[in-house]
Amino acid sequence: MLCLPPLSLYIHIPWCARKCPYCDFNSHAGEWRQHVDTYIAALNKDLRQDAHLAQGRCIESIFFGGGTPSLLPAAAIAEILDNVNAILTVERDAEITLETNPGAAEYSNFAQLKDSGITRLSFGAQSFSDQQLKNLGRIHSADEIKKAIFNSLDNGFENYNIDLMHSLPGQNLEDAIFDLESALALDPPHLSWYQLTIEPNTTFYSQRPTLPCEQIQADIFHAGRALLKKEGLDAYETSAYAKQSAESKHNLNYWRFGDYLAIGAGAHGKITLPEDDLIVRFQKTRIPDDYMDDNKQFTARRWHIEHAERPLEFMMNALRLSRGVASALFSQRTGLDISTIGSTRKHLEQRGLLINDSNQLRATQKGQLFLNSVLEEFM
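What counts, and where the lines are drawn
Residues numbered from 1 in each chain as written. Predicted model: local features only at pLDDT ≥ 70, side-chain atom pairs only at ≥ 80, totals over all residues. Heavy atoms only, no water. Helix = DSSP H or I, 4+ residues; strand = E, 2+ residues; numbered from the N terminus. Polar contact = N/O pair within 3.5 Å; in protein donor to acceptor, adjacent residues only side chain to side chain. Contact = heavy atoms within 4.5 Å. 1 Å grid on protein atoms, 1.4 Å probe; cavity = no way out; pocket = protein on both sides within 12 Å on 5 of 7 lines; lining within 4 Å. Points joined across faces, edges and corners; volume = space filled by probe spheres on them. Nonpolar A, V, L, I, M, F, W, Y, C, P; charged D, E, K, R; others polar. Buried < 20%, exposed > 50% of the residue type's maximum accessible area, 1.4 Å probe, protein only. Pairing = 2+ DSSP bridges. Right-handed = clockwise from strand over helix to strand, strands pointing away. Phe/Tyr/Trp six-rings, centres within 6.5 Å; stacked < 30°, edge-to-face > 60°. Lys NZ or Arg CZ within 6 Å of the ring centre and 35° of its normal. Salt bridge = Lys/Arg side-chain N within 4 Å of Asp/Glu carboxyl O.

1. A closer look at the side chain of His140
Phase 1 of the analysis: Here His140 lies in the loop between α4 (130-135) and α5 (142-154).
Phase 2 of the analysis: From its side chain, His140 meets the backbone oxygen of Ala125 in a polar contact 3.1 Å long.
Phase 3 of the analysis: In this structure, His140 is in contact with Pro102, Gly103, Gly124, Ala125, Leu133 and Ile145, ignoring residues within four places of it in sequence.

2. What about empty space enclosed by the protein?
Phase 1 of the analysis: Within the structure shown, the criterion is met by 2 cavities of 30 Å³ or more.
Phase 2 of the analysis: Reported here for the largest cavity is a volume of approximately 40 Å³.
Phase 3 of the analysis: In terms of lining, the largest cavity is formed by Ile40, Leu43, Asn44, Leu47, Ile80, Asn83, Val84, Ile87 and Ile263.
Phase 4 of the analysis: Here the residues of the lining of the largest cavity sort into 7 nonpolar, 2 polar and no charged.
Phase 5 of the analysis: Approximately 30 Å³ is the volume found for the second largest cavity.
Phase 6 of the analysis: Surrounding the second largest cavity, Leu53, Ile271, Leu273, Val280, Phe282 and Arg302 form its lining.
Phase 7 of the analysis: Only β12 (268-273) and β13 (278-284) provide two or more residues apiece to the lining of the second largest cavity.
Phase 8 of the analysis: Residue composition of the lining of the second largest cavity, grouped by class: 5 nonpolar, no polar and 1 charged.

3. Regarding helix α11 (residues 310-318)
Along an α-helix, a turn takes 3.6 residues, which lines up residues three or four apart on a common side.
Phase 1 of the analysis: Within α11, 7 of the 9 residues are buried, leaving the element largely enclosed by the surrounding structure.
Phase 2 of the analysis: The set of residues buried in α11 consists of Arg310, Pro311, Leu312, Phe314, Met315, Asn317 and Ala318.
Phase 3 of the analysis: For α11, the secondary structure elements touched by its buried residues are α9 (249-255), β13, β15 (325-326), α12 (328-334), β16 (360-361) and α15 (371-376).

4. Quick look at the pairing of strand β5 (residues 90-100)
Phase 1 of the analysis: In the sheet, strand β4 (residues 59-66) pairs with β5 via 5 bridges, with the strands oriented parallel. Of the residues in β5, the one forming a bridge with Ile59 is Val90.
Phase 2 of the analysis: On the question of chirality, the crossover connecting β4 to the parallel β5 by way of helix α2 (residues 74-87) is right-handed.
Phase 3 of the analysis: Alignment of β5 against strand β6 (residues 120-126), held across 4 bridges, turns out to be parallel. Across the sheet, the residue bridging to Leu98 is Leu121, located in β6.

5. A short note on the layout of surface pockets
Phase 1 of the analysis: In this structure, the second largest pocket occupies an estimated 190 Å³ of space.
Phase 2 of the analysis: Among the secondary structure elements, those contributing two or more residues to the lining of the second largest pocket are β4, β5 and α9.
Phase 3 of the analysis: Residue contributions to the lining of the second largest pocket peak at 4 residues, all from α9.
Phase 4 of the analysis: Taken together, the residues of the lining of the second largest pocket sort by class into 3 nonpolar, 4 polar and 6 charged.

6. What to know about the environment of His140
Phase 1 of the analysis: The class for His140 is buried, based on a relative accessible area of 6%.
Phase 2 of the analysis: Sequence spacing of His140 and Gly124 is 16 residues, and the spatial spacing of their C-alpha atoms is 9.9 Å.

7. Focus on the packing of aromatic side chains
Phase 1 of the analysis: For the coordinates displayed, the defined rule picks out 12 aromatic pairs.
Phase 2 of the analysis: Between Phe110 and Phe157 the ring centres are 6.4 Å apart and the planes differ by 70 degrees, which places this aromatic pair in the edge-to-face class. Note that Phe110 is positioned in helix α3 (residues 110-116) and Phe157 in the loop between α5 and β7 (160-166), a separation of 47 residues in sequence.
Phase 3 of the analysis: Centroid distance Tyr254 to Trp255: 6.5 Å. Interplanar angle 65 degrees. Geometry classified as edge-to-face.
Phase 4 of the analysis: One aromatic cluster is present, formed by Trp15, Tyr39, Tyr291 and Phe298 through successive ring pairs.
Phase 5 of the analysis: Above the plane of the ring of Phe157 lies Lys114, whose end atom (NZ or CZ) is 4.9 Å from the centre.

8. So, the pattern of salt bridges
Phase 1 of the analysis: Applying the stated criterion across every chain, the model contains 14 salt bridges.
Phase 2 of the analysis: The partner of Lys284 in a salt bridge is Asp46, and the shortest N-O contact between them spans 2.7 Å. Taken together, the positions of Lys284 in strand β13 and Asp46 in helix α1 (residues 36-50) put the pair 238 residues apart, joining distant regions of the chain.
Phase 3 of the analysis: Put simply, Arg57 and Asp259 hold a salt bridge, and the shortest N to O gap is 2.9 Å. Here Arg57, found in the loop between α1 and β4, pairs with Asp259, found in strand β11 (residues 259-263); they are 202 residues apart in sequence, far enough to count as distant.

9. Considerations on the side chain of Ser27
Phase 1 of the analysis: With respect to the secondary-structure elements, Ser27 resides in the loop between β2 (15-16) and β3 (28-29).
Phase 2 of the analysis: Ser27 sits in the buried class, given a relative accessible area of 9%.
Phase 3 of the analysis: A polar atom in the side chain of Ser27 sits 2.7 Å from the side chain of Lys19.
Phase 4 of the analysis: With sequence-adjacent residues up to four places away left out, Ser27 is seen in contact with Pro14, Cys16, Lys19 and Gly67.

Next comes the structure, spelled out in structure tokens:
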């Protein structure tokens, strides 16, 4: 039987100073300042319409993503959070994260952001090589990354993440390790380190750069993981590394197949409705002008995760976690008996891809390396 999982809130801010050539997120470059008040009003109305989906739950984490949320003045972020608190109950110790790009940090006052309720920052560094930053279309320098992080620390932000990519155009092993070492020198409690992928509908897709060969990519991955482990950052998720107790609560809720309300242009959400035996996904309208249009609906798409799809949906999240999840969570979050995946699970255990433990669902080290092949078994 389905149980109500923990609930988070995602808030999408769709504007950027510049559209990066690798980015396939719903972000839009251009003038945005005159739209801030209208957008905040739309976020408020959107949340009020969806508030009943909380079903009595408190919000355990909030994440401002984008786009570049740090473009907005701190007063605007505070107003959005005030509106959220007026509509929903937010846990006193909720993790409230705001994504910030170093090149846009001048638009934010870290002290005011702290006062507004933000508890965690995520810095979109991507590289500490000025040449690579230029290749990636970033508007900041390596020095600006460091200055922004030091500024945030001076204003009390001890909990933060550095976002870093590897296997960049023309990058070799030495260059990739330099990036990692530069990030580690800042002693971050959390680091997101992931491979650049070429996505459709991006500039890099139509004007494809030369990426490192597969062998170099593999060398970068293994050397980087060893370095991160040596420096005390645990690989708790496929591309997320954290010191003890510094894991992102918001991301953990995603990977444990929790629920999340989502507001803002193009935002994606997931809600469980136990009484109707439904798990619902939805997407808000993508174009900011449409989202702010009172004559148009906020929700562009809404669909159910059918029973046959639930094992894959659950496992493709849960198996990203290095420690996996308790087996009991499968039934609670999917409404299906664990026997539904019994034969597939046994087959993967025999192949050494899942651990042989009735109380846990977790990929082995080998299974993590071939995670896509593992997940195909649940289709």
